[in-house]
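Report on the structure
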Amino acid sequence: MLWEIERILYEMKNSDKKLPKYLLLENVKALINKNHLEQFNKWINKLNKLGYESKYYLLNSVNFGSLQNRERVFCLSVLKEHKNKVNFKFPNLEKINNKTNRKLKDILNDSFEYEKKYIKYKNSNFKLTKNNIMKASLINYTSYNSESYIYDINYYGPTLTASGAMSRLKLFFDENKIREMKPIECFQYMGFNKNDFNKISIHNLISDNKLIYLCGNSISVEVLEEIFRSLRF
């Protein structure tokens, strides 16, 4: 998909169409590890030849007011001729530390029922991670660690994914009171509001699993808003 974007940009340039003033790429943290960095730098070089100056950041959404620890790579590129025209300077996004005092429980709906399938399992002692996530494991629930994790709602939460164990975030309210995060809560977890969720869910065209899949593939709204505020036109 990335090289298709390159194709579109070159076609625009060759047909004398105006290139976008800004480009924004978001991807997983692994994009800048040693296995993928060469290809990523290749992309940066391609953009440079097209007339863009780029800077990439490794950002955690929790530092932007989100309840979710979500580390992602963001690459912001600006057309050099536009950059000079508006005196654009890349923001110091990596230095932002606007953690919220809210906790997971603040977006959760008390009307959802706890899930009986978890009642028979005892849990290990809760431990606080360096990212201020309080988690434990359901003992003998599964051999997959991430699938057995439960999260205390009085703290921040982990990364929501589109599929797999981390798309089924298990929330611990109290002893024998555990349930998975619901779609409307997933939307709020990503920074959307209830109205955003209602616009999609009202027609009942997408299953709950697909709604969560959309969220897991989405981008933290709080981070996007901060980046957009930095742009100059």
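Residues numbered from 1 in each chain as written. Predicted model: local features only at pLDDT ≥ 70, side-chain atom pairs only at ≥ 80, totals over all residues. Heavy atoms only, no water.

Let us now look at the side chain of Ser77. Residue placement: Ser77 occurs in strand β3 (residues 71-79). A polar contact of 2.7 Å, which involves the side chain of Ser77, links it to the side chain of Ser54. In this view, Ser77 contacts Lys21, Tyr22, Leu23, Leu47, Tyr52, Glu53 and Ser54; residues no more than four positions away in its chain are not counted. (Helix = DSSP H or I, 4+ residues; strand = E, 2+ residues; numbered from the N terminus. Polar contact = N/O pair within 3.5 Å; in protein donor to acceptor, adjacent residues only side chain to side chain. Contact = heavy atoms within 4.5 Å.)

Moving on, we get to the packing of aromatic side chains. Enumeration according to the criterion identifies twelve aromatic pairs in this entry. Where Phe88 meets Phe90, the ring centres are 5.3 Å apart and the plane angle is 80°; that geometry is what we call edge-to-face. The same class applies to Phe88 and to Phe90, which are both buried. Within the aromatic cluster, the residues linked to one another by ring pairs are Tyr22, Phe88, Phe90 and Phe233. The ring of Tyr213 has Lys210 lying over it, and the distance from NZ or CZ to the ring centre is 5.2 Å. (Phe/Tyr/Trp six-rings, centres within 6.5 Å; stacked < 30°, edge-to-face > 60°. Buried < 20%, exposed > 50% of the residue type's maximum accessible area, 1.4 Å probe, protein only. Lys NZ or Arg CZ within 6 Å of the ring centre and 35° of its normal.)

With that settled, consider unusual backbone geometry. Residue Asn87 is not a glycine yet carries a positive backbone phi of 55°. Mapped onto the elements of the fold, Asn87 is located in the loop between α3 (80-86) and β4 (127-128).

Inspection of the secondary structure assignment puts Lys170 in strand β7 (residues 170-174). Residue class for Lys170 comes out buried when judged on its relative accessible area of 1%. At 2.8 Å, the side chain of Lys170 and the backbone oxygen of Glu147 are in polar contact. Apart from residues no more than four positions distant in its own chain, Lys170 is found in contact with Tyr118, Leu138, Tyr141, Glu147, Tyr149, Ile150, Tyr151, Ile178, Arg179 and Glu180.

Attention now moves to the environment of Asp16. Structurally, the position occupied by Asp16 is in the loop between α1 (2-14) and β1 (22-28). Counting along the chain gives 147 residues from Asp16 to Ser163, while the straight-line C-alpha distance between them is 42 Å.

Attention now moves to the sheet that holds strand β2 (residues 52-60). Ordered by their spatial adjacency, three strands build an open sheet running β1-β3-β2, and the pairing between neighbours is antiparallel. Of all strands in the sheet, those with a lone pairing partner are β1 and β2, marking the two edges. Adjacent strand axes in the sheet meet at a mean angle of 20°, parallel and antiparallel pairs treated alike. Relative to β3, β1 is paired through seven bridges, and the arrangement is antiparallel. (Pairing = 2+ DSSP bridges. Axes fitted to C-alpha atoms, helices over the stretch in contact; angles between N-to-C directions.)

In this section: the nonpolar core. Generally speaking, nonpolar side chains in soluble globular proteins are found buried as a group. Core analysis: the biggest nonpolar cluster contains 24 residues, and Leu160, Leu169, Leu171, Met181 and Tyr189 have the highest contact counts within it. Residue assignment for this core shows that the elements contributing at least two residues are β7, α5 (183-189) and α7 (208-216). When residues of this core are assigned to their parent elements, the largest contribution, four residues, is made by α5. In contact with Leu169, not counting residues within four places along its chain, are Tyr151, Pro158, Thr159, Leu160, Arg179, Glu180, Met181 and Tyr189. Leu59, Val78, Phe90 and Val223 belong to the second-largest nonpolar core, a separate cluster that totals 15 residues. (Core = buried A, V, L, I, M, F, W, Y, C linked by side-chain atoms within 4.5 Å.)

On to the packing of α1 against helix α2 (residues 37-50), then. Interhelical geometry of α1 versus α2 gives an angle of 10° and a closest axis separation of 11 Å. It follows from the interaxial angle that α1 and α2 lie roughly parallel. Across the interface between the two elements, Leu2, Trp3, Ile5, Glu6, Leu9, Tyr10 and Lys13 from α1 touch Gln39, Lys42, Trp43, Lys46, Leu47, Lys49 and Leu50 from α2. The residue makeup of the contact of α1 with α2, split by class, is eight nonpolar, one polar and five charged. (Parallel < 35°, antiparallel > 145°, perpendicular 65-115°, else oblique. Nonpolar A, V, L, I, M, F, W, Y, C, P; charged D, E, K, R; others polar.)

Next up on the list: α2. Between its first and last C-alpha atoms α2 spans 20 Å; for 14 residues at 1.5 Å apiece the expected length is 20 Å, and the two agree. What α2 keeps buried is the set Phe40, Trp43, Leu47 and Leu50. In a view along the axis of α2, the buried residues occupy a sector of 75°, so they form one face of it. Of the residues in α2, the exposed ones pointing more than 90 degrees away from the buried face are Glu38 and Lys49. Looking at the buried positions of α2, the neighbouring elements they touch are α1, β1, β2 and β3. (Expected span 1.5 Å × (residues − 1). Arc of directions from axis to C-beta.)

With the rule as written, the count across this model stands at 14 salt bridges. Across the salt bridge formed by Lys55 and Glu94, the nearest N and O atoms sit 3.7 Å from each other. Highlighted residues: Lys55 in strand β2 and Glu94 in the loop between α3 and β4, separated in sequence by 39 residues. Three or more residues joined by partner-sharing salt bridges are found here, namely Glu115, Lys117, Glu180 and Lys182. (Salt bridge = Lys/Arg side-chain N within 4 Å of Asp/Glu carboxyl O.)

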